Amino acid sequence: MEILELLKELTAVHGPSGDEGNIRAKLAELAAPFAAGVTADTLGNLIVHKPGDGPRVMFAAHMDSTGFIVTHIEKEGFLRVGRLGGIAPKEAAYTPIRFKSGVQGVFVPEEKAEFGKLKLDECFVDIGAKDEAEAKKLVQVGDTAVYDAPLRVQGSRVTGPYLDDRLACAVLLAALEQIETPACDLYMVFTVQEEVGLRGARTAAWQVGPDICIAVDVTDVDDTPGSEKNGTSRLGKGAAVKVMDSSVLCHPLVVSRLEELAQVEGIPFQRDIMRGGGTDAGAIHTARLGVKTGGISVPCRYIHTPAESADLEDAACCVRLLRSFCESVKGAQN
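The present account deals with the structure reproduced in this document. Just so you know, these numbers come straight off a predicted model, no measurement behind them.

1. Points about the pattern of salt bridges
Right, on to step 1. On inspection of all chains with the given rule, the structure shows 18 salt bridges.
Right, on to step 2. A salt bridge links Glu110 to Arg80; the nearest nitrogen and oxygen atoms lie 2.8 Å apart. A residue pair is termed long-range when its members are at least 10 positions apart, and Glu110 in the loop between β7 (104-109) and β8 (123-126) and Arg80 in strand β5 (residues 79-84) qualify at 30 residues. Side by side, Glu110 and Arg80 carry an identical accessibility label, which is buried.
Right, on to step 3. Of the charged contacts, one joins Glu132 and Lys136 as a salt bridge, the two residues approaching to 3.1 Å between their closest N and O atoms. Placement of both Glu132 and Lys136 in helix α4 (residues 132-138) is noted, with a separation of four residues, approximately one turn of the helix.
Right, on to step 4. Here the salt bridges share partners, and the residues they tie into one network are Glu74, Arg80, Glu110 and Lys112.

2. Observations concerning the layout of surface pockets
Right, on to step 1. Here the largest pocket is characterised by a volume of approximately 600 Å³.
Right, on to step 2. Asp220, Val221, Asn230, Tyr302 and Ile303 are the residues nearest the centre of the largest pocket, which is lined by 28 residues in total.
Right, on to step 3. The leading source of residues in the lining of the largest pocket is strand β13 (residues 212-219), at three residues.
Right, on to step 4. Here the lining of the largest pocket is built from residues that sort into six nonpolar, 13 polar and nine charged.
Right, on to step 5. Within this model, the second largest pocket holds a volume of roughly 160 Å³.
Right, on to step 6. Around the second largest pocket, the lining residues are Met1, Glu2, Ile3, Leu4, Ala174, Glu177, Gln178, Leu312, Ala316, Val319 and Arg320.

3. Observations concerning the side chain of Glu20
Right, on to step 1. Tracing the chain through its elements places Glu20 in the loop between α1 (3-11) and α2 (21-31).
Right, on to step 2. Summary of buried charges: Glu20 has no salt-bridge partner, and the nearest side chain of opposite charge, Arg24, is 4.9 Å away.
Right, on to step 3. Reaching out from Glu20, the side chain makes a polar contact with the backbone nitrogen of Gly18 at a distance of 2.9 Å.
Right, on to step 4. Sequence-distant contacts of Glu20, that is, excluding residues within four places in its chain, are made with Gly15, Met63, Asp64, Val192 and Gln193.

4. A look at the packing of helix α5 (residues 163-178) against helix α9 (residues 312-327)
Right, on to step 1. At a minimum axis distance of 9 Å, the contact between α5 and α9 shows a crossing angle of 45°. The orientation of α5 with respect to α9, classified from their angle, is oblique. As α5 packs across α9, the resulting crossing turns out to be right-handed. Of the residues in α9, those in contact with Leu167, Val171, Leu172, Ala174, Ala175 and Gln178 of α5 are Leu312, Ala315, Cys318, Val319, Leu322, Arg323 and Glu327.
Right, on to step 2. Within the contact of α5 with α9, the residues separate by chemical class into 10 nonpolar, one polar and two charged.

5. Some points on the packing of aromatic side chains
Right, on to step 1. Taken as a whole, this structure holds five aromatic pairs when the rule is applied.
Right, on to step 2. Taken together, the aromatic side chains of Phe68, Phe107, Tyr147 and Tyr162 make up a single cluster linked through ring pairs.
Right, on to step 3. Directly above the aromatic system of Trp206 lies the positively charged group of Arg288, at a separation of 4.4 Å from the ring centroid.

6. Some words on the side chain of Thr11
Right, on to step 1. You can see Thr11 is positioned in helix α1.
Right, on to step 2. A distance of 2.9 Å separates a polar atom in the side chain of Thr11 from the backbone oxygen of Leu7.
Right, on to step 3. The residues contacting Thr11, other than those within four sequence positions of it, are Arg98, Leu151, Pro161, Tyr162 and Arg166.

7. Remarks on α2
Right, on to step 1. Of the positions making up α2, those classed as buried are Ile23, Lys26, Leu27, Leu30 and Ala31. Buried residues of α2 fall within an arc of 125° about the axis and therefore sit on the same side.
Right, on to step 2. Looking at the buried side of α2, the elements it contacts are α1, β2 (46-50), α5 and β12 (185-191).

Criteria and thresholds
Residues numbered from 1 in each chain as written. Predicted model: local features only at pLDDT ≥ 70, side-chain atom pairs only at ≥ 80, totals over all residues. Heavy atoms only, no water. Salt bridge = Lys/Arg side-chain N within 4 Å of Asp/Glu carboxyl O. Helix = DSSP H or I, 4+ residues; strand = E, 2+ residues; numbered from the N terminus. Buried < 20%, exposed > 50% of the residue type's maximum accessible area, 1.4 Å probe, protein only. 1 Å grid on protein atoms, 1.4 Å probe; cavity = no way out; pocket = protein on both sides within 12 Å on 5 of 7 lines; lining within 4 Å. Points joined across faces, edges and corners; volume = space filled by probe spheres on them. Nonpolar A, V, L, I, M, F, W, Y, C, P; charged D, E, K, R; others polar. Lys, Arg positive; Asp, Glu negative; His and termini not counted. Polar contact = N/O pair within 3.5 Å; in protein donor to acceptor, adjacent residues only side chain to side chain. Contact = heavy atoms within 4.5 Å. Axes fitted to C-alpha atoms, helices over the stretch in contact; angles between N-to-C directions. Parallel < 35°, antiparallel > 145°, perpendicular 65-115°, else oblique. Left-handed = near helix turned anticlockwise from the far one by under 90°. Phe/Tyr/Trp six-rings, centres within 6.5 Å; stacked < 30°, edge-to-face > 60°. Lys NZ or Arg CZ within 6 Å of the ring centre and 35° of its normal. Arc of directions from axis to C-beta.

Put into structure tokens, the structure is as follows:
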């Protein structure tokens, strides 16, 4: 399938941190035709195996998204919520949300709140219930919700919620379909609970025990007005080869091999450094006795908002680079 079609399927599925059952089932369905084995571990990571000769290589992308969880139902029928991952209340203000059941609502600040310093406990969710009794027929404490915004496409640019990290999941699926004979023992892992502390990647790396790992994610950019220089990548400039973020210093052999392959194959690429934020690489590179770890990222604007924006051509470059690495992994071993 094309990356855009995969992305449409994946972003339509519920799957915030800790409640990934639906997205895991969809990923398993899409991966199964191209894999020798598809299993889920205790924590809920989806482990897709495509056997081959050579070192054990793990590609990892997290399946979970940020989201909300109901903590209180008030007598007037409004909901109070906690956050699952890095959601800023002022970036979520007045955004439609949806629950796994299909119930819809809107995330709203209180009138008295100072918007510039908006706190989560100064916001509520309105699901249209007239009182507490009606609200409890629709939702319960502990139910989870995600942004309910459309996916929009203009040219090669795509905008919508949860490109972090459903776009990278689509990249992995596209690469899985294209890799016919890996020069390695390949494991593609779709991890859980990345947004709340890289939790799934830690257990998955322990179970798989890879020699080499590439974490696939989105990355912050430096191409918008007033940029604070948190990232180095730019939309439309190709795959972002990670050098470091706040969770990992990538292994020099992996970085150099990815850059060498990109140059040889004529794949547009750029170097990725993030001063803040992290990826599953942070948990994976210290697993067991250590893992040679790198990252390939899709540049993305407005991360963790309802309107994340990326370039599908960058994602296609990531697919090409993953495939090239998988079919010629030798240079990263020594």
